[in-house]
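# Architecture and fold: a report
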Amino acid sequence: MTNLDPHPTASVLGPGQPCTDIEVLEPRPVPLGGLRAMTVYRTLPQRQRSLVGAWCFLDHYGPDDVSATGGMQVPRHPHTGLATVSWLFTGRIDHLDSGGNAASVSPGELNLMIAGRGITHQEFSTPETTSLHGVQLWYALPEETRHSENHFAHYAPEPVIGEGVTARVFIGELLGSASPVRTRTPDLLGAELLIDPGATIGLEVRPDFEHAVLAEDADVAVNGVRAPHRCLAYAPVGSDALEITAGRAGARVILLGGVPLGEQIVMWWNFIGRTHDEIVEYRRRYQAEMGFEAMHPDDAGKPAIFGRFPPGQPGPLPAPPMPTSRLRPRRQPTGKDPRHH
């Protein structure tokens, strides 16, 4: 463990003032497959906000009674143009992908899978897991890396202990802790913060970042604005300080941040592209490579993009039908600069 220099829990680090222009995003429940579906709570994407930096997807789940729901049972499925981040609070998940990577993830550990031009993977909670609790995150790859080779990384960050807070920084830098994980996406932040009961912690943050705080296990206040349990509090670019206050029982939060992506993306099912036609091709090629549909003449001679899978695994998931209307790029609202408040 790393001990930080003590800081007063009631003051903000650095010269800035906390931004008060906080947008609170409420989650929507989504059943995750099967008759005994595990419910996840999705705060990204949604109609009013698709991205926080390059972060484009946030599912929060649990504590989930695996004996009642069956836990996480997600057979082989594809991804393009994004990276997945698995982070647990309880339980254990086994990961297997077409890049040849097999790994488990436990609480306090990061599994990062960069899809690049294409990958398939499966995730199953382990037989000994009785309670499953965590977050599944995605971030979009920028144009210069979205067609790169796939990659996998596992990392267990060392806890950083400060006055009123314990932090685990799994991506980027915060509180003097820097993750060695390379993301192929400029300037990202991902961290878990455990805040002591009644404490207010002040964080010096990059003013060119957007930030979002997930109220993981209890209500919190972010820069004085209440964020109920499972909600996401968004702070726009321009502020160099965040202030997070826990209630009497303390709180755990997930802090995300990043420079705005600056690119329009088209996101459908498990694919991220730039146009409707790209998504149509990704779906078509996945269906053909998995044996669900015949190969389209336009794809003859093209190399496979979704890779091989070890034998003896559950069958892959078929892609859903494409929507009847054309997919539109996701547009980010222009956030106010809190320095002008």
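Residues numbered from 1 in each chain as written. Predicted model: local features only at pLDDT ≥ 70, side-chain atom pairs only at ≥ 80, totals over all residues. Heavy atoms only, no water.

## What to know about the side chain of His211
Heads up, the rule is: By the criteria applied, helices consist of DSSP H or I runs no shorter than four residues and strands consist of E runs no shorter than two, each listed in order from the N terminus. Exposure classes here rest on a 1.4 Å probe applied to the protein chains alone. A residue is buried below 20% of its type maximum, exposed above 50%, and partly exposed in between. In what follows, residue pairs with any heavy atoms lying within 4.5 Å of each other are defined as contacts.
Here His211 lies in strand β20 (residues 210-215). Judged by relative accessible area, His211 falls into the buried class, the value being 3%. Those residues within four positions of His211 in sequence are excluded, and the remaining contacts are Val52, Leu189, Val205, Arg206, Ala233, Tyr234, Ala235, Leu242, Leu255, Leu256 and Gly257.

## Comments concerning the sheet that holds strand β4 (residues 38-44)
Where we set the bar: The rule for pairing is simple: two strands pair if DSSP sees at least two bridges between them. A fitted line through C-alpha atoms represents every axis, and for helices the fit uses only the stretch in contact; the resulting angles, taken between N-to-C directions, go from 0 to 180 degrees.
One open sheet holds the 7 strands; their spatial order is β3-β4-β5-β12-β7-β10-β13, and the pairing between them is antiparallel. Strand pairing shows two members of the sheet lacking a second neighbour, β3 (28-32) and β13 (151-155), which therefore form its edges. Averaged over all adjacent pairs, the angle separating strand axes in this sheet is 20°, with direction ignored. As paired elements, β3 and β4 share 5 bridges and run antiparallel to each other. Note on β4: the bridge partner recorded for Arg28 is Arg42.

## Re the environment of His276
Note the following rule: Any pair of nitrogen or oxygen atoms within 3.5 Å is treated as a polar contact; in protein, a donor-acceptor pairing is required on top of that, and neighbouring residues in sequence qualify only through side-chain atoms on both sides.
Residue placement: His276 occurs in helix α2 (residues 276-289). The spatial distance from the C-alpha of His276 to the C-alpha of Tyr155 is 35 Å, given a sequence separation of 121 residues. Apart from the residues lying within four places of it in its own chain, the contact partners of His276 are Val266, Met322, Ser325, Arg326 and Leu327. Side-chain polar atoms of His276 contact the backbone nitrogen of Leu327, separated by 2.9 Å.

## A look at the confidence of the model for the protein
We apply this condition: The quantity called pLDDT is the predictor's confidence in a given residue, expressed from 0 to 100.
Counting all residues, the mean pLDDT for the protein is 91, and 90% of those residues have values of 70 or more. Note on residues 1-15: pLDDT is under 50 here. Beyond four places in sequence and across chains, it has 32 contacts. Contacts of residues 335-341 to residues separated by more than four positions or lying in other chains number 15 contacts, the stretch itself having pLDDT below 50.

## Details of the nonpolar core
Rules: What is meant by a nonpolar core is a set of buried Ala, Val, Leu, Ile, Met, Phe, Trp, Tyr and Cys residues, joined one to another through side-chain atoms within 4.5 Å.
Counting residues in each nonpolar core, the largest one holds 39 residues, and the members touching the most others are Cys56, Val85, Leu110, Leu112 and Tyr139. Of all hydrophobic cores here, the second largest spans 29 residues; its members include Leu193, Val205, Ile244 and Ala246.

## Considerations on the environment of Thr120
Structurally, the position occupied by Thr120 is in strand β11 (residues 119-125). Owing to a relative accessible area of 0%, Thr120 belongs among the buried residues under this scheme. Distance in space between the C-alpha atoms of Thr120 and Phe306 is 5.7 Å, their sequence separation being 186 residues. Those residues in contact with Thr120, other than ones at most four positions away along the chain, are Arg76, His77, Pro78, Leu96, Asp97, Ser98, Tyr286, Met290, Phe306 and Phe309. There is a polar contact of 2.8 Å between the side chain of Thr120 and the side chain of Arg76.

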